[in-house]
Amino acid sequence: MSRKPQPLKSIGSVVLVGAGKMGTAMLDGWLAQGLNSKKLIVIEPQPGKSLKALARRGTQINPKPGPKAKADAGAIIVAVKPQTAPEAVPPLGLYVGKSTLVLSIMAGRTIDFLEKSLPPGTAIVRAMPNTPAAIGRGISVAVANAKVSARQRKLASHLLAAIGKVEWVGEEGLIDAVTALSGSGPAYVFLLAEAMTKAGIAAGLPAPLAMRLARETVAGSGELLHRSALDAAALRQNVTSPGGTTAAALEVLMGPGGFDELLTKAIAAATRRSRQLAG
Ligand SMILES: NC(=O)c1ccc[n+]([C@@H]2O[C@H](COP(=O)([O-])OP(=O)(O)OC[C@H]3O[C@@H](n4cnc5c(N)ncnc54)[C@H](OP(=O)(O)O)[C@@H]3O)[C@@H](O)[C@H]2O)c1
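Summary of the structure given here. Treat the numbers as computed from the prediction; the structure is a model and nothing was measured. (Residues numbered from 1 in each chain as written. Predicted model: local features only at pLDDT ≥ 70, side-chain atom pairs only at ≥ 80, totals over all residues. Heavy atoms only, no water.)

1. Considering the site of the ligand
What counts is decided by this rule: For this purpose, a residue is taken to be near a molecule or strand whenever a single non-hydrogen atom of the residue falls within 4 Å of it. Any pair of nitrogen or oxygen atoms within 3.5 Å is treated as a polar contact; in protein, a donor-acceptor pairing is required on top of that, and neighbouring residues in sequence qualify only through side-chain atoms on both sides. All accessible areas in this document rest on Shrake-Rupley with a 1.4 Å probe, and a residue is counted as covered only by the protein chains that are shown. Secondary structure is summarised from DSSP: a helix means a run of H or I of at least four residues, a strand means a run of E of at least two, and numbering begins at the N terminus for each. In the scheme used here, Gly and all other residues not listed as nonpolar or charged are polar, with Ala, Val, Leu, Ile, Met, Phe, Trp, Tyr, Cys and Pro taken as nonpolar and Asp, Glu, Lys and Arg as charged.
Close contacts around the ligand come from 23 residues, with Lys21, Met22, Glu44, Val80 and Thr131 the closest. For the ligand, an oxygen atom lies 2.8 Å from a polar atom in the backbone of Met22. Its free accessible area being 890 Å², the ligand has 79% of it covered by the protein chains. Within the residue set of the shell around the ligand, elements represented by two or more residues are helix H2 (21-32) and helix H5 (85-88). For the shell around the ligand, the per-class residue count stands at 14 nonpolar, 5 polar and 4 charged.

Below, the structure is given as structure tokens:
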């Protein structure tokens, strides 16, 4: 019987820097994929209960960096807040060996910043995940610098797959638009649920009922979209009969100043802001 290769089982040590919301979601996924807890090193100023439990299974928490760590760091994952990067990234040079991959999920911190903060020639992947990562249903978009090998690219895909789907782009400039679409996107969907609740209340429904209806409609439709082989436009058409209630609403939503126009403007504004923040 042929077995799928399991890269997380076969790499050297994995150094996670920042075990906050994203870092912990990734960590849980790696362990579920079979990463040996003894191969894990976690750098986190305030280790919580679950990290302390991992320490009992052989994970090194905040070790004093030394030549031993450097010898086999397969991957270093940087999951601190972007504003912490100038203090958190340069010391990681101690862990960077010849075949080490550095994977950063920090919003707005460019490959150029990372290259300048790490030893020359470091293989770097910058990725942009989103919040559904917390339940393993995120989507990350990754871009690699010129030093990343095919093997390291595959490794980055496996590390990111712990929190959802993975896409690659060849041009770092696209990360601003990615940030605006999928990075900030969950907030647009939550806003949709909020707006539907308010509109339901305005149409005469009791507030708690309007909230439950909006929440389950957004969540259920998202799940249907996730499971269906059809695209969003086909699913929309399937629930729209000519002259019916959905058609009446869509005439407003798809008309002038409607969803398309608003989201194009919103995503352009977020793209501009992402560019500004990245400097
Ligand atoms: N959350 C999202 O939806 C999302 C989406 C896309 C990208 N990202 C990126 O993911 C990264 C992590 O986000 P998050 O939401 O997981 O943030 P978070 O929950 O604040 O996690 C950051 C963690 O890093 C720790 N930390 C602070 N200084 C450190 C240092 N010098 N060395 C090691 N660890 C340090 C923090 O500890 P303390 O709390 O003790 O300071 C915290 O546990 C950010 O760069 C963000 O831009 C997040």
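2. Brief notes about the packing of helix H8 (residues 175-183) against helix H13 (residues 259-278)
To describe two helices that pack against each other, one gives the angle between their axes and the distance between the axes. Put simply, the test is: Between N-to-C directions, angles cover 0 to 180 degrees, with each direction set by a line fitted to C-alpha atoms, over the stretch in contact for helices. In these notes the angle categories are as follows: under 35 degrees is roughly parallel, over 145 is roughly antiparallel, 65 to 115 is roughly perpendicular, and the rest is oblique. What makes a crossing left-handed is the near helix being turned counterclockwise from the far one by less than a right angle; a clockwise turn instead makes it right-handed. Two residues form a contact once any of their heavy atoms are found within 4.5 Å.
At a closest axis distance of 8 Å, the pairing of H8 and H13 adopts a crossing angle of 130°. Judged on the interaxial angle alone, H13 and H8 are oblique. When the axes of H8 and H13 are compared, the crossing they make is right-handed. Listed contacts from H13 to Asp176, Ala177, Thr179, Ala180 and Leu181 of H8 are Ile267, Ala270, Thr271, Ser274 and Arg275. Of the residues contributing to the contact of H8 with H13, the split by class is 5 nonpolar, 3 polar and 2 charged.

3. Comments concerning a nonpolar patch on the surface
Operational definition: Here the term patch refers to residues with relative accessible area over 30% and no salt bridge, with like charges joined within 9 Å and nonpolar side chains (Val, Leu, Ile, Met, Phe, Trp, Tyr) within 5 Å. What counts as a salt bridge is simple: a side-chain nitrogen of Lys or Arg found within 4 Å of a carboxyl oxygen of Asp or Glu.
Among the surface-exposed residues, Leu192, Met196, Leu253, Met254, Phe259 and Leu263 lie close enough to one another that they form a single nonpolar patch of about 490 Å² accessible area. Counting residues per element, the ones that place at least two in the nonpolar patch are helix H9 (185-202) and H13. Residue placement: Phe259 occurs in helix H13.

4. Quick notes on helix H10 (residues 207-227)
In plain terms, the rule: Multiply 1.5 Å by the residue count of a helix minus one, and that product is the helix's expected span. We call a residue buried when its accessible area falls under 20% of the maximum for its residue type, exposed when it is over 50%, and partly exposed in between, using a 1.4 Å probe and counting protein chains only. In this context, the arc is that of the directions from the helix axis out to the C-beta atoms.
Here H10 spans 30 Å end to end across 21 residues, near enough to the 30 Å set by a 1.5 Å rise per residue. For H10, the full list of buried residues reads Ala210, Ala214 and Val218. For H10, the angular spread of the buried residues around the axis is 60°, confining them to a single face. Turned more than 90 degrees from where H10 packs its buried face, Arg212, Arg215, Glu216, Leu224 and Arg227 sit exposed.

5. Side note on the pairing of strand S1 (residues 13-17)
In summary, the side chains of a regular strand alternate between the two faces of the sheet. For clarity, the threshold we go by: For two strands to count as paired, DSSP must find a minimum of two bridges between them. Handedness of a crossover is defined as follows: orient the strands so they point away from the viewer, and if the path from the first strand over the helix to the second runs clockwise, the crossover is right-handed.
Extensive coverage of S1 is indicated by the burial of 5 of its 5 residues. Alternating residues of S1 divide into Ser13, Val15 and Val17 and Val14 and Leu16, and every residue in both groups is buried. For S1 and strand S4 (residues 73-78), the ladder comprises 5 bridges, and the chain directions are parallel. Across the sheet, residue Val17 finds its bridge partner in S4, namely Val78. In this fold, S1 hands off to H2, which returns the chain to strand S2 (residues 40-43); that crossover is right-handed.

6. Regarding the layout of surface pockets
Taking a probe equal in size to a water molecule and rolling it over the atoms shows the remaining empty space. For clarity, the threshold we go by: We place a 1 Å grid over just the protein atoms. Points where a 1.4 Å probe fits but has no way out form a cavity, open points with protein on both sides within 12 Å along at least 5 of 7 lines form a pocket, and any residue with an atom within 4 Å of a point lines it. Grid points are joined across faces, edges and corners, and a volume is the space filled by probe spheres set on the points.
Its boundaries defined by the atoms lining it, the second largest pocket holds a volume of some 1000 Å³. Around the second largest pocket, the lining comprises 36 residues; the ones closest to its centre are Met22, Val80, Lys81, Pro82 and Ala107. Looking at the lining of the second largest pocket, its residues break down into 19 nonpolar, 11 polar and 6 charged.

7. Some points on the environment of Arg137
With respect to the element layout, Arg137 can be found in the loop between strand S6 (123-128) and strand S7 (138-144). By relative accessible area, Arg137 is classed as partly exposed at 36%. Through-space distance from the C-alpha of Arg137 to that of Ile163 is 6.2 Å; in sequence the pair is 26 residues apart. Those residues within four positions of Arg137 in sequence are excluded, and the remaining contacts are Pro132, Ile163, Glu223 and His226. Only 3.3 Å separates the side chain of Arg137 from the side chain of Glu223, close enough to count as a polar contact.

8. Here we look at the packing of aromatic side chains
How we decide: Whether two aromatic rings pair depends on their centres lying within 6.5 Å, for rings of Phe, Tyr and Trp, where Trp uses its six-membered ring; planes under 30 degrees apart make the pair stacked, over 60 edge-to-face, and the rest tilted. By definition here, charges over rings are those cases where NZ of Lys or CZ of Arg is within 6 Å of the ring centre and within 35 degrees of the ring normal.
Evaluation of the coordinates by the stated rule reveals 0 aromatic pairs. When the ring centre of Phe113 is taken as reference, the NZ or CZ atom of Arg109 above it lies at 4.4 Å.

9. Here we look at the side chain of Asn145
Mapped onto the secondary structure, Asn145 falls in the loop between S7 and helix H7 (150-161). A polar contact is formed between the side chain of Asn145 and the side chain of Glu115, at a distance of 3.0 Å. A distance of 3.0 Å separates the side chain of Asn145 from the backbone oxygen of Thr122, its partner in a polar contact. Dropping the residues within four chain positions of it, Asn145 is found in contact with Ile111, Glu115, Thr122, Ala123 and Ile124.

10. A word on the sheet that holds S1
Reading across the sheet, the 8 strands line up as S3-S2-S1-S4-S5-S6-S7-S8 and stay open at both edges, with mixed pairing between neighbours. The sheet is open, and its two edges are formed by strand S3 (60-61) and strand S8 (164-168), each paired on a single side. In this structure, S2 lies alongside S3, joined through 2 bridges in parallel fashion. Each bridged residue has a counterpart across the sheet, and for Ile41 the counterpart in S3 is Gln60. Packing against the sheet, H2 makes contact with S1, S2, S4 and strand S5 (101-104), and its axis sits at approximately 160° to S1. Running over the sheet, H7 touches S4, S5, S6, S7 and S8 and is turned about 150° from S8.

Geometric values such as these leave the question of function open.
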